[in-house]
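Descriptive structure summary
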Amino acid sequence: MAGFEVMRGDITTLRVDAIVNAANSSLLGGGGVDGAIHRAAGPELLAECRALGGCPTGEARITRGYGLPASHVVHAVGPVWTGGDKGEDALLAGCYRHALALAMEHGARSIAFPAISTGVYGFPKDRAARIAVETVRETLTESDAMDRVVFCCFDAETERLYEAALGRGRAAR
Ligand code: AR6
């Protein structure tokens, strides 16, 4: 199975085969990590996204990376958190599953994920970290298609939550 890494930083700088974007269903850009990815990739990314015609929540679409060091961008549409009784957990898990499947179909052996839905979309960060780690683990069990999975965190709290979800937190040592 792939090696898992947790790091703090800007996902747009990472030299991996695919980075994942926390997009919205229009796929036409926005704020947060989506804005940063579009700025770093350049206008050709938006042109390719326009041709995709959107993406339902819980699914993903893939494009090239253009000006990014990453060859591909997987645009995953996370759920807006509205209390947890609208299928948010399953939709978030779907983002990770679909993103991995698409990246592997395109030959990616390394992938970096942001903490999808935990910014503007308001998903509780601890719950989202657990779902991310569990879903990626489940999806990649018995697969040797992926070498490296990076959970790219933008803040120290998120980094700590991923370390804990992976069982690497200070308390677990
Ligand atoms: N690198 C890594 N992580 C980042 C970066 C970065 N450069 N910038 C922000 N984050 P958000 P969402 C973290 O709000 O909640 C957009 O407008 C951020 O700290 O980007 O899924 C879209 O167009 C947080 O931990 O995405 C949608 O409309 C995480 O990325 C909407 O926001 C996700 O925060 C999607 O909301």
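For the structure, check the block above.
For clarity, every value in this text was computed on a predicted model and none was experimentally measured.

Re the pattern of salt bridges
Summed over the entire model, instances satisfying the criterion amount to eight salt bridges. Across the pair Glu5 and Arg148 runs a salt bridge, and its minimum N-O distance is 2.7 Å. Here the residue Glu5 occupies a position in strand E1 (residues 3-8), and Arg148 occupies one in strand E6 (residues 148-153), the gap between them amounting to 143 residues. Judged by its relative accessible area of 31%, Glu5 falls in the partly exposed class. Between Glu59 and Arg61 there is a salt bridge; the shortest N-O distance is 3.4 Å.

Section: the packing of aromatic side chains
What the rule picks out here adds up to five aromatic pairs. Ring geometry for Trp81 against Phe123: centres 4.7 Å apart, planes inclined by 65°, an arrangement best described as edge-to-face. Taken together, the residues span a long stretch of sequence, with Trp81 in the loop between strand E4 (72-77) and helix H3 (88-105) and Phe123 in the loop between strand E5 (110-113) and helix H4 (125-140) at a distance of 42 residues. Exposure remark for Trp81: the relative accessible area of 22% places this residue in the partly exposed category. For Phe123, a relative accessible area of 2% translates into the label buried. Ring pairing ties together the aromatic residues Phe4, Tyr96, Phe113, Phe151 and Tyr162, which thus form one cluster.

Reading the values: the criteria
Residues numbered from 1 in each chain as written. Predicted model: local features only at pLDDT ≥ 70, side-chain atom pairs only at ≥ 80, totals over all residues. Heavy atoms only, no water. Salt bridge = Lys/Arg side-chain N within 4 Å of Asp/Glu carboxyl O. Helix = DSSP H or I, 4+ residues; strand = E, 2+ residues; numbered from the N terminus. Buried < 20%, exposed > 50% of the residue type's maximum accessible area, 1.4 Å probe, protein only. Phe/Tyr/Trp six-rings, centres within 6.5 Å; stacked < 30°, edge-to-face > 60°.

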